[in-house]
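# Architecture at a glance
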Amino acid sequence: LSWRQLNNPATGWLRDVKFPVDANTGWAIGQNGAVLHTTDGGSSWTPQTLPDGFTGYLWAMDAWDNTRANIAGGGSRVYRTTTAGAVWQLSDAPGEFNMLDINYGTANAVYATAWNDTFFTSDNNGASWIRRYPGTGVNLNSVDFRSDMLGWVVGNGGKIIRSTNAGDNWTT
């Protein structure tokens, strides 16, 4: 096993990377609004442009396939693409939260976690979002949904919660 550093045009730290279908096509996101795309396994990276010129922190991303992806950023910003990043669309989630993680359950069901006991759901590939409060009282750091209904969220203080109905109700 060996590692090699790959050149990229990012000037700050990178926070998340996803290769949703194969080892060739993927994205990396991070500081200064960096969105990088590769189609050759990371040998080369091409910057992609966000619609509002955002230069803040991008915290998390997930991709359903090589064309559909969502990025969660500071200030409840969510960017989505259905064109492999040729065009990114901004769809602000309600409120002012730093989203910490984002996850596809299906091609259209997308979920996100944030500070202050905040959980977001979208049933249209991130075009619009509904804010929910699971009642944990802590920051929710990561989300993993296995379908449009079944998922888990983890948070500060060792919290682990589970939903079987798309986040309408939670059990510990």
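Structure shown above.
Now for a description of the structure that goes with this document. (Residues numbered from 1 in each chain as written. Predicted model: local features only at pLDDT ≥ 70, side-chain atom pairs only at ≥ 80, totals over all residues. Heavy atoms only, no water.)

### Considerations on the sheet that holds strand β2 (residues 26-30)
Defined as follows: Whether two strands pair depends on DSSP finding at least two bridges between them. A helix here means a DSSP run of H or I that spans at least four residues, while a strand means a run of E at least two residues long, and both kinds are numbered starting from the N terminus.
Spatially, 4 strands are ordered β1-β2-β3-β4 in an open sheet, and the strand pairing comes out antiparallel. Two strands in the sheet have a free side with no partner beyond their single neighbour: β1 (14-18) and β4 (46-47). As paired strands, β1 and β2 are joined by 4 bridges and run antiparallel to one another. Considered in β2, the bridge of L14 is made with G30.

### Describing the packing of aromatic side chains
In plain terms, the rule: Pairing of aromatic rings covers Phe, Tyr and Trp, the last counted by its six-membered ring, and requires centre-to-centre distances within 6.5 Å; plane angles under 30 degrees mean stacked, over 60 mean edge-to-face, and any other angle means tilted. Each residue is assigned to one of three classes by its accessible area relative to the maximum for its type, calculated with a 1.4 Å probe on protein chains only: buried under 20%, partly exposed between the two thresholds, exposed over 50%.
For the structure shown, the criterion picks out 13 aromatic pairs. Note on F145 and W170: the rings are 6.5 Å apart at their centroids and 90 degrees apart in plane angle, and the pair reads as edge-to-face. Of the two residues, F145 sits in strand β13 (residues 140-145) while W170 sits in the segment after β15 (159-163), which places them 25 residues apart along the sequence. Overall, the relative accessible area of 1% leaves F145 in the buried class.

### Quick notes on the pairing of strand β3 (residues 35-38)
Burial along β3 is two-sided: V35 and H37 facing one way and L36 and T38 facing the other are all buried. Summarising the sheet, β2 and β3 pair through 4 bridges and their orientation is antiparallel. Pairing of I29 across the sheet is with V35, part of β3. If you look at the hairpin formed by β2 and β3, you'll find 4 residues sitting between the two strands, and N32 has a positive phi there, around 60 degrees. Pairing between β3 and β4: 2 bridges, direction antiparallel.

### Re unusual backbone geometry
With a phi close to 60 degrees, N32 is a non-glycine residue in the positive phi region. By the element assignment, N32 lies in the loop between β2 and β3.

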